[in-house]
Amino acid sequence: IGIMAHIDAGKTTTTERILYYSGRVHRLGDVDHGTAAMDWMPQEKERGITIQSAATTCLWKSHQINLIDTPGHVDFTAEVERSLRVLDGAVAVFCAVGGVEPQSETVWHQADKYCVPRIAFVNKMDRQGADYPHVIDMMRDMLGAKPLPVMLPIGSGSSFCGIIDVIGGQAIYFDEMSHGSKFTLEDIPEEYIDDYSAARDILWESAAMLDESAMEEYFKGSLSPERVGQLLRKGTIESGFVPVLCGAALKNIGIQQLMDAIVDWLPAPSELPPVSAHLKDGSSLEVKRSIDGPFSALVFKVQSDPHLGRLAFIRVYSGSIADGQHVLNNTTGKKDRLTRLVRMHANKRTHLDRVVAGDIAAAGLKDVTTGDTLTFPDTPLILESIEFPDPVIQMAIEPMSTSDEKAMDDALASLASEDPSFRVGIDEESGQTLIKGMGELHLEIIASRIQREKGVKVRTGKPQVSYRESISCITSGRGEFRRSIQGRGHFGNAVIRVEPIDSGHEFVNLLKDKEFPDHYAEAVERGIMGSVGAGPLAGYPVDGIRIELLEAELHETDSSETGYAYAGAMALRECLKNGKPVLKEPVMRLDIICPSDYVGEVIGDVNARRGSVLNMEPMGEVQSIKARVPLAELFGYSSALRSLTQGRAGFSMQFHDYARIAENITRRLLEQMGITGFN
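The residue numbers shown here count from 1 along each chain, following its written sequence. This being a predicted model, a pLDDT of at least 70 is required before a residue's local features are given, and a value of 80 or more before pairs of side-chain atoms are given or counted; all residues contribute to the totals for chains, interfaces and linings. The side-chain quantities take in all heavy atoms of the structure and omit both hydrogens and water.

Chemist: Help me understand the pairing of strand β27 (residues 433-437) in this model?
Modeler: Regular strands place side chains that alternate from one sheet face to the opposite one. A simple rule labels every residue: compare its accessible area, found with a 1.4 Å probe on the protein chains alone, to the largest value its type can have, and call it buried under 20%, exposed over 50%, or partly exposed in between. Put simply, DSSP H or I for four residues or longer makes a helix, DSSP E for two residues or longer makes a strand, and each gets a number counted from the N terminus. Within β27, four of the five residues are buried, which leaves it mostly tucked inside the rest of the structure. As paired elements, strand β25 (residues 393-399) and β27 share five bridges and run antiparallel to each other. Residue pairing in the sheet places methionine 395 in a bridge with isoleucine 435 of β27. When DSSP locates at least two bridges between a pair of strands, those strands are taken to pair. Across four bridges, the pairing between strand β26 (residues 423-426) and β27 is antiparallel. Each residue of the ladder has a partner; that of valine 424, found in β27, is isoleucine 435.

Dropping the structure here:
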């Protein structure tokens, strides 16, 4: 299972309490004091945030729980994405004050994409302004979920002192002296009877609707709590609804009940549908999640370990494998030997002799990357891989000493192999090394890791936006390639039509049913797709175009794939040049929480940054402001917002989309880059 949420909702604190009550650790870790077991990186301890997803294992009620604690900051969304890809179930943690926050939405929809069953835990019920019913409403309205409260809070804010078990019909109070390890069951307080009765009616009715015989029992009034618990498991696994619990992890309230819910309602690996896969020839098949089947596993993370070297984190979907056995990397076609098989507990390791279906482990493997499929050599197949977003920001980096250039390049290559959302490139004009990532914090952490982990002192330039290029009108172009290479003639000819679309690249072969061979059409497509990396304005990647192959000629003797690939690339360059090229910039969704007194100043500042306010909503004594603002205008925004509001406002942002830049701003940007003559 995974623990997922917005930043500061209390994911890591919740995970630490789970490890403590299960006996996996023997002291309570604290994020604020840098003693959390799962936040093991120095940068995590210093900043009090999770940067890398961390895996561990614990036991509860004779069940083994493989647990992944994920980051909440938008800059590290790739860590969440790859964790969700391999989860059987997830715990979504919500702040009782903030409710459904921006990153909560992002990770929820990521979990929707991978069909991950979820339960919800409303944390921080002890904070001033905690509002359990409001969080339930936000889950329903903003996430499209069907939340089903199975626990109710007794009090809120400073008066929060326990929870009500809706299924068991009892109040639960926790002993502070034992750090919540001991709790007592008592009668529900009189003032909460009505709330309990209403929640029980909804719970019983929702559970009964899953089964005809249960519905009959419900109408007869004989539906038992045990039967309701069984139906809750069924509904959760089928994603029919989301059981909602509550508590306060920092005050050690409600965690054992959350652990019971994980075991009782989230699925075991064998209860989930088969995994989709395909063979090299493209034919699809389904892999049953069984220990008895052939071995298959997905590499979902690669990490350098100071003691064991390069470790690949794997999720085993079927079969079993022992330490030392040989595996086939179906993505590269290479064989490798599984060495140093270990179970991870954050950055600590325990040696394993064997792993089976459902396990998460790490192993020494040489040439693997995130998303690779491992099987035995005699049973090849490829599991669905993992997709990651493109970087939106870049900055120049160089070593303090020229003698460290190779060491820096090696360090960057190592970090890029670990983090799929981090890229390294070279500025063709200046020759500088560019690092590209998901945000300022992401690149700041990368630079810090190079110095701390790799021992290379570096300096970085100012962050720069990763722009995109596109066209603004429909255009067509022709490319013809006719050349002799090593004594052999190569010919290719293609006419294409290009039109702007919102995002991505689409290629359509309109010669499919005509006398033009498919392999030449595929060569034209390869040539085109190989040329979208640099646009005509400033060399930024091209985004948002649809290409149609309209015409192509054949040569009696010299037609070749090489010729048609070159012809496709030449035709695209002509279309991009004649299609009134435009620049597109990344636009962020900004979520600001500020006191009502400062709303005018904050909105004025958003407008001054070329932003637009999407929505405003009162949240008690503060206002929630949602806006779209270009990333280029948000550098240093944290300091500016603090200055505007005397430090009383906070914000978070996440990537929204790429939007076309106005001509006057495009002209100014190009002039700053030393490019003139833009029309």
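Chemist: Would you mind going over the environment of aspartate 88 with me for this structure?
Modeler: For aspartate 88, the location among the structural elements is in the loop between α3 (77-85) and β4 (90-95). On the basis of relative accessible area, aspartate 88 is assigned to the buried category, the value being 9%. Along the backbone, aspartate 88 and proline 267 are 179 residues apart, and their C-alpha atoms lie at a distance of 6.5 Å. Only heavy atoms enter the contact rule, under which two residues are in contact if any of them lie within 4.5 Å. Other than its neighbours up to four places away in sequence, aspartate 88 contacts Val116, Pro117, Pro267, Pro269, Leu272, Arg289 and Arg315. For aspartate 88, the side chain forms a polar contact with the side chain of arginine 289, separated by 3.4 Å. Nitrogen and oxygen atoms within 3.5 Å of one another constitute a polar contact, given that in protein one can donate a hydrogen and the other can accept it, and given that sequence-neighbouring residues count only through two side-chain atoms. A distance of 3.0 Å separates polar atoms of two side chains, one belonging to aspartate 88 and the other to arginine 315.

Chemist: So what exactly am I meant to see when it comes to unusual backbone geometry here?
Modeler: Among all residues except glycine, the phi angle is most often negative; among peptide bonds, the trans geometry is most common. Here serine 62, not a glycine, exhibits a phi torsion of approximately 65°, which is positive. Secondary-structure assignment places serine 62 in the loop between β2 (54-60) and β3 (63-69). Even without a glycine there, the phi angle at arginine 610 is positive, about 60°. Relative to the assigned elements, arginine 610 resides in the loop between α14 (599-608) and β36 (612-619). Relative accessible area serves as the criterion here: at 30%, arginine 610 is assigned to the partly exposed category.

Chemist: Help me understand the sheet that holds strand β15 (residues 309-318) in this model?
Modeler: Two strands in a sheet stick together by hydrogen bonds in their backbones, pointing the same way (parallel) or opposite ways (antiparallel). Across the sheet, eight strands lie side by side as β18-β17-β23-β14-β15-β22-β19-β20; this open sheet has antiparallel pairing. On the outer flanks of this sheet lie β18 (334-337) and β20 (348-351), each paired with one strand and no other. Within this sheet the neighbouring strands show an average axis-to-axis angle of 40°, counted without direction. Taken strand by strand, helix α10 (residues 405-418) contacts β14 (296-305) and β15, and its axis lies near 150° from that of β14. Lines are fitted to the C-alpha atoms to define the axes, a helix being fitted only along its stretch in contact, and any angle between axes, read from their N-to-C directions, falls within 0 to 180 degrees.

Chemist: Would you mind going over the packing of helix α4 (residues 102-113) against helix α5 (residues 132-143) with me for this structure?
Modeler: Pairs of packed helices are described in terms of their axes, by the angle between the two and the distance that separates them. Interhelical geometry of α4 versus α5 gives an angle of 60° and a closest axis separation of 11 Å. With respect to their mutual orientation, α4 and α5 come out oblique. Crossing of α4 over α5 shows right-handed handedness. In this structure, α4 contributes Glu105, Trp108 and His109 to the contact, and α5 contributes Met139, Met142 and Leu143. Class assignment for the residues of the contact of α4 with α5 results in four nonpolar, one polar and one charged. Roughly parallel means an angle under 35 degrees; roughly antiparallel means over 145; roughly perpendicular covers 65 to 115; every other angle is labelled oblique. Left-handed describes a crossing in which the near helix is turned anticlockwise from the far one by less than a right angle; the clockwise case is right-handed. Note on residue classes: Ala, Val, Leu, Ile, Met, Phe, Trp, Tyr, Cys and Pro are nonpolar, Asp, Glu, Lys and Arg are charged, and everything else, Gly too, is polar.

Chemist: Looking at this model, I keep getting lost on a negative patch on the surface. Mind explaining?
Modeler: Together, Glu190, Glu191, Asp194 and Asp195 make up a negatively charged patch on the protein surface. For glutamate 191, the location among the structural elements is in the loop between β10 (183-186) and α6 (193-208). The patch calculation keeps residues exceeding 30% relative accessible area without a salt bridge and links them within 9 Å when they carry like charges or within 5 Å when they are nonpolar (Val, Leu, Ile, Met, Phe, Trp, Tyr). Residue exposure ignores everything except the shown protein chains as possible cover, and the areas themselves are Shrake-Rupley values with a 1.4 Å probe. Whenever Lys or Arg places a side-chain nitrogen within 4 Å of a carboxyl oxygen from Asp or Glu, that contact is recorded as a salt bridge. Counted charges follow a simple rule, with Lys and Arg positive, Asp and Glu negative, and His plus the chain ends left uncounted. The atoms used to mark charge sites are NZ of Lys, CZ of Arg, CG of Asp and CD of Glu.

Chemist: Could you clarify how one ought to interpret the domain arrangement of the protein chain in this entry?
Modeler: The parts lose accessible area when they come together, and the size of an interface is often stated as this lost area. Each domain's limits were defined by an automated method or a database of domain assignments. Each assigned domain of the protein chain is listed here: domain 1 (2-265), domain 2 (275-383), domain 3 (393-466), domain 4 (471-579) and domain 5 (587-666). Taking the mean C-alpha position of each, domain 1 and domain 5 sit 31 Å from one another. Tallying the contact residues gives nine residues for domain 1 and eight residues for domain 5. We define buried area as the total accessible area lost by two parts upon association, computed with a 1.4 Å probe and summed across both. Between domain 1 and domain 5 lies a buried interface of about 590 Å² when both sides are counted; carbon and sulfur atoms form 52% of it. Between domain 1 and domain 5 we count one salt bridge in total. Taking the shortest distance from any N to any O, the salt bridge between glutamate 105 and arginine 589 comes out at 3.2 Å. Considering only residue class, the side of domain 1 that touches domain 5 consists of three nonpolar, five polar and one charged.

Chemist: Would you mind showing me how to read the pattern of salt bridges here?
Modeler: Any two side chains of opposite charge can pair, on the condition that their charged atoms come close. Evaluation of the coordinates by the stated rule reveals 33 salt bridges. When the shortest N-O distance is used, the salt bridge between lysine 61 and aspartate 260 registers 3.0 Å. One end of the pair, lysine 61, is in the loop between β2 and β3; the other, aspartate 260, is in helix α9 (residues 255-265), and 199 residues separate them in sequence. Judged by relative accessible area, which is 48%, lysine 61 ranks as partly exposed. For arginine 482, the salt bridge identified is with glutamate 480, shortest N-O distance 2.9 Å. Sharing partners across several salt bridges, the network here consists of Arg497, Glu499, Glu506, Arg546 and Glu548.

Chemist: What's the story with helix α16 (residues 663-672) in this structure? I'm lost.
Modeler: Three or four residues apart is the spacing at which side chains of an α-helix point the same way, because the helix has 3.6 residues per turn. Residues of α16 that are buried include every one of Ile665, Thr666, Leu669 and Leu670, and no others. Down the axis of α16, the buried side of the element spans an arc of 135°, and every buried residue falls inside it. Looking at α16, the residues exposed on the side facing more than 90 degrees away from the buried face are Asn664 and Gln672. Residues of α16 that are buried in the fold lie against β35 (581-595). Backbone geometry just after α16 places glycine 674 at a positive phi near 85°. As used here, the arc is the angular range of directions from the helix axis to the C-beta atoms.

Chemist: When you look at the sheet that holds strand β7 (residues 151-154) in this model, what are you seeing that I'm missing?
Modeler: Taken together, the four strands give an open sheet; going across it, the order is β7-β8-β9-β10, and neighbouring strands pair in antiparallel fashion. With partners counted over all chains shown, the strands left at the sheet margins are β7 and β10, one partner each. On average, each strand axis in the sheet is inclined to that of its neighbour by 30°, with strand direction left out of account. Pairing analysis gives four bridges linking β7 to strand β8 (residues 162-165), with the strands arranged antiparallel. Paired with leucine 152 across the bridge in β8 is isoleucine 164. Each of β7, β8, β9 (170-174) and β10 touches α9; the most contacted strand, β9, lies at about 125° to it.

Chemist: Can you walk me through the packing of aromatic side chains in this structure?
Modeler: For any pair of aromatic rings, the description consists of the separation of the ring centres together with the inter-plane angle of the planes. Here is the rule: rings of Phe, Tyr and Trp (six-membered ring for Trp) pair when centre to centre is within 6.5 Å. Planes less than 30 degrees apart are stacked, more than 60 are edge-to-face, and the remainder are tilted. For the structure on display, the rule yields 13 aromatic pairs. With a centroid separation of 5.4 Å and 65° between ring planes, the pair formed by tyrosine 20 and tyrosine 21 is classed as edge-to-face. Judged by centre distance (5.4 Å) and plane angle (45°), the rings of phenylalanine 295 and phenylalanine 376 are tilted. Here phenylalanine 295, found in the loop between β13 (284-287) and β14, pairs with phenylalanine 376, found in the loop between β23 (373-375) and β24 (382-383); they are 81 residues apart in sequence, far enough to count as distant.

Chemist: Would you explain the side chain of arginine 343 in this entry?
Modeler: In this structure, arginine 343 sits in strand β19 (residues 339-345). Taking relative accessible area as the criterion, arginine 343 reaches 18% and is therefore assigned buried. If near-sequence neighbours (up to four positions away) are discounted, arginine 343 is found in contact with Thr57, Gln64, Lys348, Arg349, Thr350, Leu352, Asp359 and Ile360.

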